[in-house]
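# Structure assessment
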Protein chains: 2
Amino acid sequence: MEANDLKKAGLKVTLPRVRILELLEQHADQHLSAEDIYRLLLDNEEDIGLATVYRVLTQFEAAGIVCRHQFEGGKAVFELISKGEHDHIVCVKTGLVEEFHDPVIFERIQKIAEEHEFEMTDHSLVIFGIKRKSKA
Amino acid sequence: MEANDLKKAGLKVTLPRVRILELLEQHADQHLSAEDIYRLLLDNEEDIGLATVYRVLTQFEAAGIVCRHQFEGGKAVFELISKGEHDHIVCVKTGLVEEFHDPVIFERIQKIAEEHEFEMTDHSLVIFGIKRKSKA
DNA sequence: ATTCCTGCAAATCATTTGCATTACC
DNA sequence: GGTAATGCAAATGATTTGCAGGAAT
């Protein structure tokens, strides 16, 4: 019951919010843009406006439910935070996104923040490249 | 003589391009947005349109003269590439940007790209945080 | 002279916002 | 029933583009 997640976040349980949360869970392996979500909702016969999708996503971000990435090419993409801390490696040809987590890098990042006298709040690491064809 | 840099990049040596390149060199310690550059040009009595600034910056990026960052908050910022590889740590309160280079991180990044079978072309690492007041 | 470049204004794209209506508790 | 959320359309902000006139080789 994800209605509880919404309540806990101080958000009224409304149809748009529930549907969007469901979609994010169903597509937990992907990184969806506001427009992607809007299209998926339309496909599901849901009559939810694009503006609402943006509003809900922004609220979810503030509530710590999703996190927003900028990657490249205009549109921001979103994913559930519940998946845990990780960074991304994206293919500049296909747009394919894979995830990774490297403790060594994370440790160094903390150290660097420390050295620069920053209270670290967050970080963003994206590796760009071209995925090699797997030699079948 | 930066005119040569332009010629080498296959770009005709024109006043806007020279002026913008000069500005970037004069402000090599900063990260300027297209609008910042436009304003600086106006201050210098140069009559150069904002559209041209965008066009020139895009060409410079394609030519490998500058690199574009997205940091946070709408506008992209640019800096000369000649300064060498480095990443950024930015203060979410003040917008202050500092730079760093960490060989350990870089090495790990290469390794991760390798593990994921990516031909790495680039990476982006930004640490966000709040700069501590230096205790004077 | 020819081709590439520029300035301006209008166009585009992603995202946000005002406001009347509607849905939750 | 009252307040907060939604949908639509219009507004915004950053960046791009079409086109007529101008500069560089």
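Heads up: these notes are all about the structure in this document. It should be emphasised that the depicted structure is a prediction, and the values quoted were computed from it without experimental measurement. (Residues numbered from 1 in each chain as written. Chains lettered and ligands numbered in written order. Predicted model: local features only at pLDDT ≥ 70, side-chain atom pairs only at ≥ 80, totals over all residues. Heavy atoms only, no water.)

Let's shift gears to the layout of surface pockets. Residues and elements named next belong to chain A. Considered as a void within the structure, the second largest pocket measures approximately 150 Å³ in volume. Taken together, Phe 71, Glu 72, Gly 73, Lys 75, Val 77, Val 90, Cys 91, Val 92, Lys 93, Thr 94, Gly 95 and Val 97 make up the lining of the second largest pocket. When the residues that make up the lining of the second largest pocket are grouped by side-chain class, the tally is six nonpolar, three polar and three charged. (1 Å grid on protein atoms, 1.4 Å probe; cavity = no way out; pocket = protein on both sides within 12 Å on 5 of 7 lines; lining within 4 Å. Points joined across faces, edges and corners; volume = space filled by probe spheres on them. Nonpolar A, V, L, I, M, F, W, Y, C, P; charged D, E, K, R; others polar.)

Residue and element names in this part refer to chain A. Its place among the elements puts Val 126 in strand S6 (residues 118-131). Taking the relative accessible area as the measure of exposure, Val 126 reaches 7% and is therefore buried. The spacing of Val 126 and Ile 89 is 37 residues in sequence and 5.5 Å in space, taken between C-alpha atoms. (Helix = DSSP H or I, 4+ residues; strand = E, 2+ residues; numbered from the N terminus. Buried < 20%, exposed > 50% of the residue type's maximum accessible area, 1.4 Å probe, protein only.)

Within the fold, A:His69 resides in strand S2 (residues 66-69). Within polar-contact distance, the side chain of A:His69 engages the side chain of A:Glu79 at 2.7 Å. (Polar contact = N/O pair within 3.5 Å; in protein donor to acceptor, adjacent residues only side chain to side chain.)

Close to DNA strand D lie 19 residues, the nearest being A:Arg17, A:Asp47, A:Thr52, A:Arg55 and B:Tyr54. In this structure, a sugar or linking oxygen belonging to DNA strand D sits 3.3 Å away from a side-chain N or O atom of A:Lys12. Broken down by secondary-structure element, the contributors of at least two residues to the surface near DNA strand D are helix H2 (15-26) and helix H4 (50-62) of chain A together with helix H4 (50-62) of chain B. No other element matches the five residues that H4(B) contributes to the surface near DNA strand D. Within the surface near DNA strand D, the residues separate by chemical class into eight nonpolar, four polar and seven charged. (Near = heavy atom within 4 Å.)

This brings us to the pattern of salt bridges. In the structure shown here, the tally under the stated rule is 22 salt bridges over all chains. Of the charged contacts in the structure, one is a salt bridge between A:Arg19 and A:Glu22, with a shortest N-O distance of 3.5 Å. In this pair, A:Arg19 and A:Glu22 are both assigned in helix H2, three residues apart and thus about one turn of the helix distant. Exposure remark for A:Arg19: the relative accessible area of 27% places this residue in the partly exposed category. Residues B:Glu46 and B:Arg19 are paired through a salt bridge, measuring 2.5 Å at the closest nitrogen-oxygen approach. Residue B:Glu46 is located in the loop between helix H3 (34-43) and H4, and its partner B:Arg19 is located in helix H2 (residues 15-26); the two are separated by 27 residues in the primary sequence. By relative accessible area, B:Glu46 is classed as buried at 16%. A single salt-bridge network, built from bridges that share partners, covers A:Arg19, A:Glu22 and A:Glu46. (Salt bridge = Lys/Arg side-chain N within 4 Å of Asp/Glu carboxyl O.)

Let us now look at the protein's contact with DNA strand C. Not every one of the 18 residues close to DNA strand C is listed here, only the nearest: A:Tyr54, B:Arg17, B:Asp47, B:Thr52 and B:Arg55. Close to the protein, within 4 Å, the atoms of DNA strand C are drawn from sugar and phosphate at a rate of 71%. Between A:Tyr54 and DNA strand C, the recorded distance is 2.4 Å, taken from a side-chain N or O atom to a phosphate oxygen. Take A:Ala76: an N or O atom from its main chain is 3.0 Å from a phosphate oxygen of DNA strand C. Sorting the residues of the surface near DNA strand C by element identifies H4 of chain A together with H2 and H4 of chain B as the ones contributing at least two each. For the surface near DNA strand C, the residue count by class is eight nonpolar, three polar and seven charged.

Residue and element names in this part refer to chain B. Overall, antiparallel pairing links the three strands, which are arranged S1-S3-S2 in an open sheet. Looking along the sheet, the strands with just one partner apiece sit at the ends: strand S1 (32-33) and strand S2 (66-69). Across four bridges, S2 lies against strand S3 (residues 77-80) in antiparallel orientation. Note on S3: the bridge partner recorded for His 69 is Val 77. Set on the sheet, H4 makes contact with S2 and S3; between it and S2 the angle comes to about 110 degrees. (Pairing = 2+ DSSP bridges. Contact = heavy atoms within 4.5 Å. Axes fitted to C-alpha atoms, helices over the stretch in contact; angles between N-to-C directions.)

Function cannot be inferred from these measures alone, as they are strictly geometric.
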